[in-house]
Amino acid sequence: RRVFAKIFKWNFVSSFATVYDLDDNNTLRFNVAQGYRAPNLTQLFMTTDSGGTVSPNPNLKAETSLNYELGYRLFTENIDFDIAAFYNTIDDYIDKYANAVSMRGTTYSWRNVAKVKSYGLESKFSYTINKFKPYLNLTLMNRKFEYNHVSTHHTGTPHIFGTLGISFNDTAFDNPYYVDLNTDFASKAVDDDLGHNNYIQNDLDIKGYATLNLASG
């Protein structure tokens, strides 16, 4: 596959994936993939004022990544369970960081982080009981930034996040409909961004959260 960004050079990315069926209900998978993402026009040339003033950086480099995933899936009439371990590295990761904090608010700029390493587990589980389907999507993640010869795990990424819910599916007057009640949640996190490029001091504590959501259609 060939990826092209107008102000960047052509870049080739490749991937490999394999799937092995243990039986009719159990499957193993493994894949390795390269990635490439060029900065967008806003990051390169435009100043924005959403959540603080963000200045562009015309010298941004494109991100390159390498991703590994090993997964397992169980699928039956009632059960759908999927779990995957992942590990990825990103070179020249594009990140927003704070230049200054004042009474007027925070000003930010875009920059390339030398290297980012992420690893963890992703899982999805649902169980169908008649017309009801409780489900859980859960991610456990650890992320590390390396920048200017220092490193940190305080990247603003929560270690635990996901969605817990239950859905109801039925038909009325020959038309299908659903109702879904769920909560999105995330654990607290720490972000060193407000340390003015110093990933050692001035940590920003980000509180954990849970939201209650209701959808139908």
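Because the structure is a prediction, the values reported are computed rather than measured.

A separate point is the overall build of the protein. Looking only at helices and strands, the protein features one helix and 15 strands. Of all 217 residues assigned to the protein, the portion counted as buried reaches 31%. For the protein, the computed accessible surface area is about 14,000 Å², with 56% contributed by carbon and sulfur atoms.

A few words now on the side chain of S109. As for its position among the elements, S109 is in strand β8 (residues 105-127). Residue classification places S109 among the buried positions, given a relative accessible area of 12%. Those residues within four positions of S109 in sequence are excluded, and the remaining contacts are S55, D95, K96, Y97 and N99.

Across all of its chains, the model carries nine salt bridges by this definition. One salt bridge in this structure joins E146 and K117, with 3.8 Å as the shortest N-O distance. Placement of E146 in strand β9 (residues 132-147) and of K117 in strand β8 is noted, with a sequence separation of 29 residues between them. Judged by its relative accessible area of 24%, E146 is partly exposed. A salt bridge links E146 to K144; the shortest N-O distance between them is 3.8 Å. Residues joined in a network through salt bridges with shared partners are R29, E69 and D82.

For the rest of this paragraph, the subject is the side chain of E69. Inspection of the secondary structure assignment puts E69 in strand β6 (residues 63-75). Of note is the side chain of E69, whose polar atom sits 3.0 Å from the side chain of R29.

Generally speaking, a soluble globular protein has its nonpolar side chains buried in company with each other. If you look at the biggest cluster of nonpolar residues, it comprises seven residues: L44, V54, L60, I94, A98, Y108 and W110. For this core, the secondary-structure elements that each account for two or more residues are β7 (79-102) and β8. Among residues more than four places away in sequence, those in contact with V54 are M46, T47, T48, K96, Y108 and W110. Core analysis: the second largest hydrophobic core is formed by six residues, I90, Y93, V116 and F145 among them.

Calculation rules
- Residues numbered from 1 in each chain as written.
- Predicted model: local features only at pLDDT ≥ 70, side-chain atom pairs only at ≥ 80, totals over all residues.
- Heavy atoms only, no water.
- Helix = DSSP H or I, 4+ residues; strand = E, 2+ residues; numbered from the N terminus.
- Buried < 20%, exposed > 50% of the residue type's maximum accessible area, 1.4 Å probe, protein only.
- Areas by Shrake-Rupley, 256 points an atom, 1.4 Å probe, with all protein chains shown as cover.
- Contact = heavy atoms within 4.5 Å.
- Salt bridge = Lys/Arg side-chain N within 4 Å of Asp/Glu carboxyl O.
- Polar contact = N/O pair within 3.5 Å; in protein donor to acceptor, adjacent residues only side chain to side chain.
- Core = buried A, V, L, I, M, F, W, Y, C linked by side-chain atoms within 4.5 Å.

That is the geometry; function is a separate question.
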